[in-house]
There are 2 protein chains.
Amino acid sequence: MTSQENAPEAVIGRAGSYEKGVARRQEILDRAIEVFRERGAGGTSLRSIAQSIGVSHAALLHYFDSREQLLVAVYERAEGQRDTSGDAAESALDVLVKAAMINVGVPGMVELYTSLVAASLAAEGTPSNEFFSARFARIRDELTQRLTAEQAAGRLRGDVEPADMAALLIAASDGLQIQWLLEPSVQLERTLETFSILLAPTS
Amino acid sequence: MTSQENAPEAVIGRAGSYEKGVARRQEILDRAIEVFRERGAGGTSLRSIAQSIGVSHAALLHYFDSREQLLVAVYERAEGQRDTSGDAAESALDVLVKAAMINVGVPGMVELYTSLVAASLAAEGTPSNEFFSARFARIRDELTQRLTAEQAAGRLRGDVEPADMAALLIAASDGLQIQWLLEPSVQLERTLETFSILLAPTS
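Rules used in this analysis
Residues numbered from 1 in each chain as written. Chains lettered and ligands numbered in written order. Predicted model: local features only at pLDDT ≥ 70, side-chain atom pairs only at ≥ 80, totals over all residues. Heavy atoms only, no water. Phe/Tyr/Trp six-rings, centres within 6.5 Å; stacked < 30°, edge-to-face > 60°. Helix = DSSP H or I, 4+ residues; strand = E, 2+ residues; numbered from the N terminus. Buried < 20%, exposed > 50% of the residue type's maximum accessible area, 1.4 Å probe, protein only. Domains from an automatic or database assignment. Contact = heavy atoms within 4.5 Å. Buried area = accessible area lost by both parts, 1.4 Å probe. UniProt positions renumbered as here; feature names shortened; annotations may be inferred. pLDDT = per-residue confidence, 0-100. Least-squares fit on C-alpha atoms with pLDDT ≥ 70 in both. Core = buried A, V, L, I, M, F, W, Y, C linked by side-chain atoms within 4.5 Å. Salt bridge = Lys/Arg side-chain N within 4 Å of Asp/Glu carboxyl O. Polar contact = N/O pair within 3.5 Å; in protein donor to acceptor, adjacent residues only side chain to side chain. Nonpolar A, V, L, I, M, F, W, Y, C, P; charged D, E, K, R; others polar. Expected span 1.5 Å × (residues − 1). 1 Å grid on protein atoms, 1.4 Å probe; cavity = no way out; pocket = protein on both sides within 12 Å on 5 of 7 lines; lining within 4 Å. Points joined across faces, edges and corners; volume = space filled by probe spheres on them.

Asks: Hey, could you run me through the packing of aromatic side chains in this one?
Replies: Given two aromatic rings, their pairing is described by the distance between the two centres and the angle made by the two planes. Residue and element names in this part refer to chain A. On inspection of all chains with the given rule, the structure shows twelve aromatic pairs over all chains. When the centroid spacing of 6.3 Å and the interplanar angle of 75° are considered together, the rings of Tyr75 and Phe131 count as edge-to-face. Taken together, the residues Tyr75 in helix H4 (residues 67-81) and Phe131 in helix H7 (residues 127-152) connect sequence positions 56 residues apart. With a relative accessible area of 2%, Tyr75 lands in the buried category.

Asks: What should I look at first to understand the domain arrangement of chain A in this one?
Replies: For interface size, the figure often reported is the accessible area lost on association. Residues and elements named next belong to chain A. Along its sequence, chain A is carved into domain 1 (2-75) and domain 2 (83-198). The gap between the C-alpha centroids of domain 1 and domain 2 is 29 Å. Across the contact, 14 residues belong to domain 1 and 15 residues belong to domain 2. Each partner contributes to the roughly 1200 Å² buried at the junction of domain 1 and domain 2, and carbon and sulfur atoms together form 71% of this total. Interface area lost by domain 1 to domain 2 is led by Glu68, Val72 and Tyr75, which between them contribute 52%.

Asks: Mind showing me how you'd approach the UniProt feature "DNA-binding region" (unreviewed entry) in chain A here?
Replies: According to UniProt, the "DNA-binding region" (unreviewed entry) feature falls on residues 45-64 of chain A. Spanning residues 45-64 of chain A, this segment combines 75% helix with 0% strand, and its end C-alpha atoms are found 13 Å apart.

Asks: When you look at the confidence of the model for chain A in this model, what are you seeing that I'm missing?
Replies: A low pLDDT means the predicted coordinates there should not be read in detail. Scored by pLDDT, chain A comes out at a mean of 88, with 91% of its residues at no less than 70. This model gives residues 1-13 of chain A a pLDDT under 50, and the stretch forms zero contacts once residues within four places in sequence are excluded.

Asks: Can you walk me through the relation of the copies chain A and chain B in this structure?
Replies: Both copies of the chain are tied together by a single rotation about an axis and a shift running along it. Relative to chain B, chain A is turned by 180° and slid 0.0 Å along the rotation axis, the superposed coordinates differing by an RMSD of 0.0 Å. Viewed as a symmetry operation, the transformation between the two copies matches a two-fold axis. Looking at the rotation axis and the C-alpha trace of chain A, the residue lying nearest is Ala172 of chain A, at 2.0 Å. The overlap is high: 100% of the interface residues of chain A also sit at the interface in chain B, so the same surface is used on both sides.

Asks: Sorry, what's going on with the nonpolar core here?
Replies: Nonpolar side chains in soluble globular proteins generally cluster together in the buried interior. Leu60 and Phe195 of chain A together with Leu60 and Phe195 of chain B are the most contacted members of the largest nonpolar core, which totals 120 residues. Excluding residues that lie within four positions of it along the chain, Leu60 of chain B makes contacts with Ile28, Leu46, Ile49, Ala50, Ile53, Val55 and Leu70 of chain B.

Asks: How do you make sense of the interface of chain A and chain B when you look at a structure like this?
Replies: Contacts between the two partners involve 43 residues from chain A and, on the opposite side, 43 residues from chain B. When chain A packs against chain B, the two sides together hide about 3500 Å² of surface, and 70% of this comes from carbon and sulfur. Counting the surface chain A buries against chain B, the share from its top three residues, Leu121, Gln179 and Leu182 of chain A, is 19%. Across the contact surface, chain A and chain B share two salt bridges. For Asp164 of chain B, the salt bridge identified is with Arg190 of chain A, shortest N-O distance 2.9 Å. Linking chain A with chain B are six residue pairs in polar contact (both at pLDDT 80 or more), by the criterion used here. Counting residues per element, the ones that place at least two in the side of chain A that touches chain B are helix H6 (107-120), H7, helix H8 (162-182) and helix H9 (188-198) of chain A. Ranked by residue count, the leading element in the side of chain A that touches chain B is H8 of chain A, at 13 residues. Among the residues forming the side of chain A that touches chain B, the class breakdown is 24 nonpolar, ten polar and nine charged.

Asks: Quick question: what am I supposed to make of the UniProt feature "domain: HTH tetR-type" (unreviewed entry) in chain A here?
Replies: Per the UniProt record, the feature "domain: HTH tetR-type" (unreviewed entry) sits at residues 22-82 of chain A. Strand forms 0% of residues 22-82 of chain A and helix 74%; the C-alpha atoms that close the span are 20 Å apart.

Asks: I would appreciate a short explanation of helix H4 (residues 67-81) of chain B in the present structure.
Replies: The periodicity of an α-helix, 3.6 residues per turn, causes residues three or four positions apart to be oriented the same way. Taking 1.5 Å as the rise per residue, H4 of chain B with 15 residues should run 21 Å; its terminal C-alpha atoms sit 21 Å apart, in good agreement. When H4 of chain B is considered as a whole, its buried residues turn out to be Leu70, Leu71, Val72, Ala73, Val74, Tyr75, Ala78 and Glu79 of chain B.

Asks: Would you explain empty space enclosed by the protein in this entry?
Replies: Over the atoms rolls a probe the size of a water molecule, and its path tells where empty space is left. Tallied over the entire structure, the rule returns one cavity of 30 Å³ or more. In terms of lining residues, the largest cavity is bounded by 14 residues, among which Thr114 and Ile178 of chain A together with Thr114, Asp174 and Ile178 of chain B are the most central. When residues of the lining of the largest cavity are traced back to their parent elements, those giving at least two are H6 and H8 of chain A together with helix H6 (107-120) and helix H8 (162-182) of chain B. Tallied by class, residues from the lining of the largest cavity come to eight nonpolar, four polar and two charged.

Asks: Whenever I open this one, the pattern of salt bridges confuses me. Can you help?
Replies: When charged atoms on two side chains of opposite charge get close, those side chains can pair. Residue and element names in this part refer to chain A. Evaluation of the coordinates by the stated rule reveals 18 salt bridges over all chains. The partner of Glu27 in a salt bridge is Arg24, with the nearest N and O atoms 3.2 Å apart. Separated by three residues within a single helix, Glu27 and Arg24 lie in helix H1 (residues 2-36), roughly one turn from each other. Counted as one network, the salt bridges with shared partners bring together Arg24, Glu27 and Arg31.

Below, the structure written as structure tokens:
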């Protein structure tokens, strides 16, 4: 009986500490985002990340199993904080250009993105591999839907596959952000916008 | 006088050991290429790279100042061993597609490329930053020249900037190789070849 009587409080207690844990985890991620804003986390160990965001190595390991898991969580949270989703009326290209211009304003996040994508290629089943496989699939699907609708409405040339174009647009945007960060004379926005010429309906 | 008399021999001696050094350095790079062929060097320390390619940590440090310098040298040598340069008659797109198809046959090199590009974004003046800034500039120039010639010959639509298209083609190829490695249902070759439709002269 005692255990039953105590159960609700115990549950509340657990829920309370669970919520505290979630809040603490998000606080750690937000501090990491600040630290990585200018430069990504390139080459730094979990221990030195802990130091630079001002938490103990042990605390970091309490919330994240590995450096990679932490970095994926940082990227995911940073992305969630930016509103890069377009409304239904926007074209695939407009959504993409808007997201790219937001990204390059935070060079450390482009670097973090690129290094995590590189890590995702190393082995299946790792945190970065699962995150980026799912993320690319989701964004390709979203853009494919927009492009299919644009093609049906006669706003996209009819002789290309929407799914291919979705992959191509994402690839071009990812690659151009990198080239622009290395060489600002590369015309990121203008070059991406060229797709509006390339993809225009042929008359 | 003695030093003058000895000079030619000393020079030959130095040249000999210099040549031996060059050969040894290339041997190390070739072994690293073999080790990294399937998986890149992701996350491994210089010490563990030394172990996996079967040389001492000290020997590796004799030839390379840092892990990053070694990895840039590995990538540079691996790229030099592949003939990805097109002959003068080939179109920019054909050169690009051919290079992409060779690259994805060596997943570890795509991973190494992507992780070094990520590192190159972290700070100016690092080995990866200098290598990739120069490499992107060189490849953009090469493709721009081809595209300019194609435009003059009426084989490329006239309403796009060759320099923008060069950056765009490279970006799309880099990005698509990554997406294809993560999700083989992404149609790498067909999608890149779509550019022959998108860039065709408008009549």
